[in-house]
Amino acid sequence: MTRNQVLVLLNKSSGYISGEQMSQELHISRAAVHQAIKSLRNEGYIIDSITNKGYCLQSSPDHITLTELSVLLPEERIQNIEYFQSIHSTNTYCSLRAQQGAEQGLIILADHQSAGKGRLGRSFHSPEHCGIYCSYLMRPKTPPVDTSFMTAWVAVAVIRAIVEVYDVQPSIKWVNDILLNHRKIGGILTEMSIEPESGHIQHLIVGVGLNVLHQRSDFPEDLQSTASSLWLETGKKIPRATLTAALIQSLDRLCADWPGEAPAYFQQYREHCISLGREVQVLRQGIRSRGHAIDIDESFGLIIEFPNGSRETVRSGEVQVRGLSGYV
């Protein structure tokens, strides 16, 4: 924590700040300040020091550690975030912490996942040093049927964070893929645990994976034609911690908004949904059906009109969009 506090002071300072001043402001010894500076340097922070002037932060590594997030988020929020350099799956571990009684708002954050999870049993490619992989614990007091909308709400929260940081307009491919310039830059996986006797929700885990600093070679060959990153699509190399902090704040806002602000989230989801007005292919139990996505209902179901004029609202399964995700 001392290291984080010293980093906050270094970031706030417009120039050099003396060890004595940091010692007084943080109520710690000069030796503790020196040790914190040494620890930060070992983590890759470039900190200049001049006798009788103090210390000056020259540059920061692209980390999403609690140290870096402490500059961007309140201390009380940092206390409910757990960071791992590498983990099997943030969703799996977050579910374990939920079973242990962790509070709503817990964030599990990792630089790398060895077994990242996607929808329909797929894996989510999670290389180190370039993405954001996090899971958010929620304990909603609403019926499970209502909570089925949560993935769509989270998509809106993710879009809001990206717009805030990058000033671009991403799209949502129904139901959970985040796209920019028609390439996938992120995905969402929502997992729910329900108490068998009462049918009440025990907890809900929202997993978000975002491709931030990936280069084309960071993707497996079979994904290189459809996947991309915010850096590749915008040319902006923004620190991952900046987007991570914005994402956490957006998810916190979602929790505060649930479920009363449903109309606002529905409107934004519909505005950003790239599936609408396009030819789509529905894949269910090995059967492929083609039609046109014409609208989204208030439960975030995708309304599809088929060539024979019949309509169906799809709420599960996989929907491919012509021109996207390999469907041509």
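Residues numbered from 1 in each chain as written. Predicted model: local features only at pLDDT ≥ 70, side-chain atom pairs only at ≥ 80, totals over all residues. Heavy atoms only, no water.

A.B. asks: Tell me what's going on with the overall build of the protein chain, and back it up with residues and numbers.
C.D. replies: If you tally the helices and strands in the protein chain, you get eleven helices and 14 strands. For 328 residues, the compact-globule formula gives about 20 Å, and the C-alpha radius of gyration of the protein chain, at 22 Å, lands near that figure. On the principal axes, the C-alpha backbone points of the protein chain span a range of 80 × 45 × 35 Å. Of all 328 residues assigned to the protein chain, the portion counted as buried reaches 51%. For the protein chain, the exposed area adds up to about 15,600 Å²; of that, 46% sits on carbon and sulfur atoms. In the protein chain, which carries 30 positive and 34 negative side-chain charges, the distance between the mean positions of the two groups comes to 4 Å. (Helix = DSSP H or I, 4+ residues; strand = E, 2+ residues; numbered from the N terminus. Rg over C-alpha atoms; globule rule 2.2 N^0.38 Å. Buried < 20%, exposed > 50% of the residue type's maximum accessible area, 1.4 Å probe, protein only. Areas by Shrake-Rupley, 256 points an atom, 1.4 Å probe, with all protein chains shown as cover. Lys, Arg positive; Asp, Glu negative; His and termini not counted. Charge placed at Lys NZ, Arg CZ, Asp CG, Glu CD.)

A.B. asks: An account of the nonpolar core is needed here, citing residue identities and associated values.
C.D. replies: Membership of the largest hydrophobic core comes to 71 residues, with the highest contact counts inside it found for Ile-162, Leu-243 and Tyr-269. Considering every element that reaches this core, the biggest residue donor is helix H8 (residues 150-166), with 13 residues. Those residues in contact with Tyr-269, other than ones at most four positions away along the chain, are Ala-152, Ala-155, Val-156, Ile-172, Trp-174, Val-175, Ile-296 and Phe-300. Ranked by size, the runner-up nonpolar core spans 16 residues in total, among them Val-6, Leu-7, Met-22 and Ile-47. (Core = buried A, V, L, I, M, F, W, Y, C linked by side-chain atoms within 4.5 Å. Contact = heavy atoms within 4.5 Å.)

A.B. asks: Mind laying out the side chain of Ser-250, listing which residues take part and the relevant values?
C.D. replies: Mapped onto the elements, Ser-250 comes out in helix H10 (residues 240-257). Ser-250 sits in the buried class, given a relative accessible area of 8%. With sequence-adjacent residues up to four places away left out, Ser-250 is seen in contact with Ala-157, Arg-160 and Ala-161.

A.B. asks: Got a sec to walk through helix H2 (residues 19-26)? Specific residues and values, please.
C.D. replies: For H2, the complete set of buried residues consists of Gly-19, Met-22, Ser-23 and Leu-26. Buried residues of H2 fall within an arc of 100° about the axis and therefore sit on the same side. Those residues of H2 hidden inside the fold are in contact with helix H1 (2-12), helix H3 (30-42) and strand S2 (54-59). In the stretch just after H2, His-27 is the one whose phi turns positive, near 60°. (Arc of directions from axis to C-beta.)

A.B. asks: Account for the sheet that holds strand S10 (residues 279-284), naming residues and giving values.
C.D. replies: Sheet architecture is open: five strands sit in the order S13-S12-S11-S10-S14, paired in antiparallel fashion. Looking at strand neighbours, the two that pair on one side only are strand S13 (311-314) and strand S14 (318-321), the edges of this open sheet. Each strand of the sheet is rotated relative to its neighbour by a mean of 40°, with strand direction disregarded. Bridge count between S10 and S14: four bridges; the pairing is antiparallel. The residue of S14 that forms the bridge with Leu-283 is Glu-318. (Pairing = 2+ DSSP bridges. Axes fitted to C-alpha atoms, helices over the stretch in contact; angles between N-to-C directions.)

A.B. asks: Account for the packing of aromatic side chains, with residues named and values stated.
C.D. replies: Enumeration over the complete set of coordinates arrives at seven aromatic pairs. On the numbers, 6.0 Å between centres and 55° between planes, the contact of Phe-149 with Phe-300 is tilted. Of this pair, Phe-149 sits in the loop between helix H7 (144-147) and H8 while Phe-300 sits in the loop between strand S11 (287-296) and strand S12 (302-305); the two residues are 151 residues apart in sequence, bridging distant segments of the chain. Look at Phe-149 and you get buried, because its relative accessible area is 19%. What makes Phe-300 buried here is its relative accessible area of 6%. Seen from their ring centres, Trp-153 and Tyr-265 are 4.0 Å apart, and the 10° between their planes marks the pair as stacked. Placement of Trp-153 in helix H8 and of Tyr-265 in helix H11 (residues 262-272) is noted, with a sequence separation of 112 residues between them. Tyr-265 matches Trp-153 in its accessibility class, with the two residues each being buried. (Phe/Tyr/Trp six-rings, centres within 6.5 Å; stacked < 30°, edge-to-face > 60°.)

A.B. asks: How would you explain unusual backbone geometry if you had to name every residue and give the values?
C.D. replies: Between Trp-174 and the following residue, Val-175, the backbone shows a cis peptide bond with an omega angle of 10°. Inspection of the secondary structure puts Val-175 in the loop between strand S6 (171-173) and strand S7 (177-180). Cis geometry marks the peptide bond from Trp-258 to Pro-259; its omega dihedral reads -5°. With respect to the helices and strands, the residue Pro-259 is situated in the loop between H10 and H11.

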